[in-house]
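Single-letter residue listing:
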Amino acid sequence: MLNLLARLDVVQRKTIYIVLFVTAAIPFLVPIRMPLYIWKETRNAFTITSKRQPKKVVAICSNWVPGSQSENWAQYEAIVAQCMITDTPFIVFAMDADPMAPQFAEAINLRQARRYGRVYGRDWVNLGLTRGAPLTMGAIGRSVKAVFQSDFQHTPTQDFEKLPLMKDIRDVRDFSCLWVVDYQPDSNWVVFLDPTTKLPVLFACAGIVSTGYYPYISSGQLKGMMVGTRGAAEYEELLRQTFGKAFDDSGMRGQKLLVPLAFGHLVIIFFVIAGNVGMVAKRRQKAVETQYGGRRP
Amino acid sequence: MFVFSCIVLWKISVAKRNPDKVYIRPIAGLKAIDEAVGRAAELGGPILFNPGTDDFTNIQSLAALGVLEHVAKKCAVFGIPMIITTCKPVMVPICEDVIRSAFDEEGRPELMHASDVLFIATASDLAALGAAALMLDRKVSSVFLFGSYDYTSLLCSEGGKLAGCMQIAGTADYYQIPFFIASCDYVVMAEELFACASYLSRDPVMMGSIAGQDYGKLILFCLLALGVVLSTIYGIGNPLNGFERLFTY
Amino acid sequence: MKSTRAITIGLTFVAGLYFILDFIVPPTFPGASFQGVVATTTPASMVVRSGTLPPVTYPFLGQGNMRPQILLAERDVEGLPKLTDVPLRQVGPGTLATVRIGPFAVKSVDRAAVVTAVGMRVSLSPGQKWIEGASNEPVAVPRPEMSLLIEQADSRVVRTDPGSIELIENGKRVVHHLGNRTVVMKLSRYGAGSEVQLDEAKAGDTIQIGPATFFADNRDAAAQFNLVVTTMAFGIGLLSLGMVHSRILIERRPGWSLSVFFFAAVILGVTTGIGKYANSGSQMRAFSDFVVLRIISSVSSAVFSLLAFYMAAAAYRAFRVRTGEAALMMTSALIVMIGQTPFGFYMTSWMGERYSALWLPNIAAWIFRVPNTAVFRGLVFGIMLGAIATALRYWLSMERSAS
């Protein structure tokens, strides 16, 4: 038995990879639904976004790219779905991101718009990419149209015939809240966009980087946060609880990816524990061998 | 900021007058640089240095360049060629300049021809994979990963582990420190990265700035402790708590 | 080398100038500025006349389609005539200018007026004509579905009025006539100001007005310069790469097949980039979306997914409990990992709401909110102080460098 346990100390890398692959693949083949616990940060973010204010828009800074799509895609889609179901107009832009970021965001916007019958220019505007953080954040806060003189398809933002939504958007006072969807959102948004700190700032980030934003939540600078795939799954659950059948969750990734993620975590935990058990067993084995003069009993 | 700068400048002037009085505790990762360079000399393979995924506008990249200079000088002594990989084109001439000057200073300018400064790709994940491939192809002996890293840190360091290299990493990006600890032999953490250049050069001016930095931390700690005590006595939001009013705007 | 260094220093200075302009230079000259509460405003306007026709007044009210655009006739580098958009302050009485308003999307035509898509009735004044939005060609009869501009071409400016604002300063009403270089700053309750147009200042707002500082107008020019230099750098880089790889191809040097990939990638990248701006539903757009969303997205995800496997292997290899501190770290790591998954809730929710504080997700949340926050704050303090000290050393040239 001791020999068997000692072998856990030297499990091959490819064994770990195969077990992880198979375990993470199971939920894709066998649909499994698990109960969700909704964290306070996600619930706060949902509540703030739900508060519709007349003539104000939700501003979304969508900086994510395919590298982080496993987490950010689901988060972004949940936010857009909420805006579209509740008929809340929103603007989306990218700041110091990959040039493809606006395109990824627009693909999801169009998908959700087809479900809920929303129209570009009236219900949302994609302002494209800009650079120059953190000063540009302050510039956006002072005048949105000065920074974004055209949308991501080069339609002038002053053309209110094509983009009627832009007519009432001047500066940060016309935002109801700011979402930043990125692998690691820039905390300068909290400082530079609205120095008066009245605008609620919400982050949708990867799980691993969320630890660094809890001080901002504790101090009240961040009003809510969606953490990784778990946060996206919780957000979808909140949408389901609030809107019931009106929320079309087909193709949404949050809850679909959460179960494989959970299985993956279990595999890592199993191997970590197994490695420690193996280490202890190996030590015991060495002690026993020493007792028997270097020979195994 | 003004107070902190004054403290740093004061300690620098003190260090200039009495260089022996300034002490920096040993940092394991930096002490291991000699071991890593020695390993490369024994195995005959080059050394790979990655100055992070950001350019010189990031202070961590500047700190990494300080380490690069020291490592380049060590390599020049042993005649070990260097490979530097980066995902920022602007870092290529900067790194070339650093290692060329280091090699010239040690009297080994010919090492520059054997060394490579490679811009692999602007995407940090592709640059990390490229660096990992280089470690295998060119049989790199030791790897130095200093600077600012994003989620691709593990791609770099695990690649080095697979290639059997000795790895020393240093970053102030707190999310990447656990990954480096898991896959590298030595890790220089957080503010130790900024002390690297001072520690390695033993220059009194730079060591004085480290001492000044520590005094700044001490003052911050005292302010924090005072704030905690006063908030406990008066409670948060109490108008009598002048200390809290001082730091509220 | 000296001239290269001088050019580098000059470019760096211009790049830094932009940041200095935005941060340090105030928008209005201190001492020559006035602050008060808005009582009334008179918007800016311009009166122009075409020949002997009656003059037409253009008020500068609001933003967007109804705000007049002033165009002056100039010659470009080849001597061909072109129209350049200028602000109001650059024209004066006697200037020959073309004025345009629009564009308007025509919904219907009603006698001499058109009704736009937003329900506005727009008609022509003396000297004005309709022109087509895309081609700038005159349109005799507007029709629905057209995108039209109103143009009054080659007309003389009779007078301009930058507008005026009546402020209540220390209980007294004072009227300030705006000059060509006056900046209007709307102040918030906390004193932070943002530049607004005169017509955006409403009665009751706290306003600061004053002459613009020289640099405030040139901020955008500095930013544009950076953009031009960056674009030039891209062009030079592409050209250089093209020359290198074409030489490798022509001379059939080792690895020439990779140069073929280079050219194929450039063509693919450029086509994809151009297709990004094509109309939704067009073939170019579909191709661009296919490359970005199906190919690049999938490849990037595959690279990122390597991390999951690497993480598992690294965790197995590195997380061995050899000391008490390691055991504590391992326990908290396990609690946080399980607590973030549905398993954590599943394993402990049977305790009931009364003992919800002992549920794994709640313990994990407490670990994040309390010990983790405290440690992070300390870590960030240390890092920031180190970064400031390092930056100070570079700033004061105290950092020892190789050169």
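Our structure is the block above this text.
Worth saying up front: this structure is predicted, and the values here are computed from it rather than measured.

Undergrad: Would you mind showing me how to read the sheet that holds strand β2 (residues 90-95) of chain A here?
TA: Residue and element names in this part refer to chain A. Taken in spatial order, the six strands make up an open sheet running β3-β2-β1-β4-β5-β6, and their pairing is parallel. Unpaired on one side and paired on the other, β3 (124-130) and β6 (224-227) mark the two borders of the sheet. Each neighbouring strand pair of the sheet contributes to a mean axis angle of 15 degrees, computed without reference to strand direction. By the bridge criterion, four bridges tie strand β4 (residues 175-181) to strand β5 (residues 201-205) in an arrangement that is parallel. Note on β5: the bridge partner recorded for Val180 is Phe203. With respect to the sheet, helix α6 (residues 135-142) is in contact with β2, β3 and β4, its orientation differing from that of β2 by roughly 160 degrees.

Undergrad: Is there a simple way to think about the interface of chain A and chain C in this case?
TA: How big an interface is tends to be stated in terms of the accessible area lost upon association of its parts. The interface of chain A with chain C comprises 64 residues on the first partner and 67 residues on the second. If you sort the residues of chain A by the area they bury against chain C, Gln103, Leu135 and Glu161 of chain A come out on top, with a joint share of 12%. Counting every contact that joins chain A to chain C gives two salt bridges. In this structure, Glu41 of chain A engages Arg369 of chain C in a salt bridge whose closest nitrogen and oxygen atoms are separated by 2.8 Å. For the side of chain A that touches chain C, the elements supplying multiple residues, two or more each, are α2 (13-29), α3 (40-50), α4 (69-85), α5 (101-116), α6, α9 (214-219) and α11 (254-291) of chain A.

Undergrad: Explain the environment of Leu178 of chain A to me, please; I cannot follow it from the model alone.
TA: Residue and element names in this part refer to chain A. Residue placement: Leu178 occurs in strand β4. Classification of Leu178 by relative accessible area gives buried; the value is 0%. Along the backbone, Leu178 and Cys61 are 117 residues apart, and their C-alpha atoms lie at a distance of 7.5 Å. Those residues in contact with Leu178 that sit more than four places away from it in its chain are Ala59, Phe93, Trp189, Leu193, Leu199, Pro200, Val201 and Leu202.

Undergrad: Honestly, the interface of chain C and chain B in this entry has me stumped. Any pointers?
TA: The partner chain B presents 44 residues to the 33 residues of chain C that form the contact. The tally of links between chain C and chain B comes to one salt bridge. At the junction of chain C with chain B, the criterion picks out two residue pairs in polar contact (both at pLDDT 80 or more). Listing elements by their share of the side of chain C that touches chain B, those giving two or more residues are α4 (283-318) and α7 (360-395) of chain C.

Undergrad: Would you explain the packing of aromatic side chains in this entry?
TA: Aromatic rings in a pair are described by how distant their centres are and how their planes are angled relative to each other. Counted by the stated rule, this structure contains 32 aromatic pairs over all chains. Judged by centre distance (5.9 Å) and plane angle (85 degrees), the ring pair of Tyr37 of chain A and Trp359 of chain C falls under edge-to-face. Pair noted here: Tyr37 of chain A is in the loop between α2 and α3 and Trp359 of chain C is in the loop between α6 (342-348) and α7, and the two residues belong to different chains. On the basis of relative accessibility, which here comes to 22%, the residue Tyr37 of chain A falls in the partly exposed class. The class of Trp359 of chain C is buried, set by a relative accessible area of 6%. Ring centres of Phe46 of chain A and Tyr235 of chain A lie 5.3 Å apart, and the angle between their planes is 75 degrees; this geometry places the pair in the edge-to-face category.

Undergrad: Quick question: what am I supposed to make of helix α9 (residues 191-201) of chain B here?
TA: Structurally, the α-helix is built with 3.6 residues per turn, so residues lying three or four positions apart point the same way. Counting buried residues in α9 of chain B gives nine out of 11 residues, a clear majority hidden from the surface. Every buried residue belonging to α9 of chain B is among Glu192, Leu193, Phe194, Ala195, Cys196, Ala197, Ser198, Tyr199 and Leu200 of chain B, and all of these are buried.

Undergrad: Sorry if this is basic, but what is going on with the sheet that holds strand β1 (residues 47-52) of chain B here?
TA: The pairing of strands in a sheet happens through backbone hydrogen bonds and is either parallel or antiparallel. Residues and elements named next belong to chain B. Strand order in this open sheet of six strands is β3-β2-β1-β4-β5-β6, and the pairing throughout is parallel. Where the open sheet ends on each side, the last strands, each with one partner, are β3 (116-119) and β6 (186-189). Ignoring strand direction, the axes of neighbouring strands in this sheet form an average angle of 15 degrees. Summarising the sheet, β1 and strand β2 (residues 82-86) pair through three bridges and their orientation is parallel.

Conventions used here
Residues numbered from 1 in each chain as written. Chains lettered and ligands numbered in written order. Predicted model: local features only at pLDDT ≥ 70, side-chain atom pairs only at ≥ 80, totals over all residues. Heavy atoms only, no water. Pairing = 2+ DSSP bridges. Helix = DSSP H or I, 4+ residues; strand = E, 2+ residues; numbered from the N terminus. Axes fitted to C-alpha atoms, helices over the stretch in contact; angles between N-to-C directions. Contact = heavy atoms within 4.5 Å. Buried area = accessible area lost by both parts, 1.4 Å probe. Salt bridge = Lys/Arg side-chain N within 4 Å of Asp/Glu carboxyl O. Buried < 20%, exposed > 50% of the residue type's maximum accessible area, 1.4 Å probe, protein only. Polar contact = N/O pair within 3.5 Å; in protein donor to acceptor, adjacent residues only side chain to side chain. Phe/Tyr/Trp six-rings, centres within 6.5 Å; stacked < 30°, edge-to-face > 60°.

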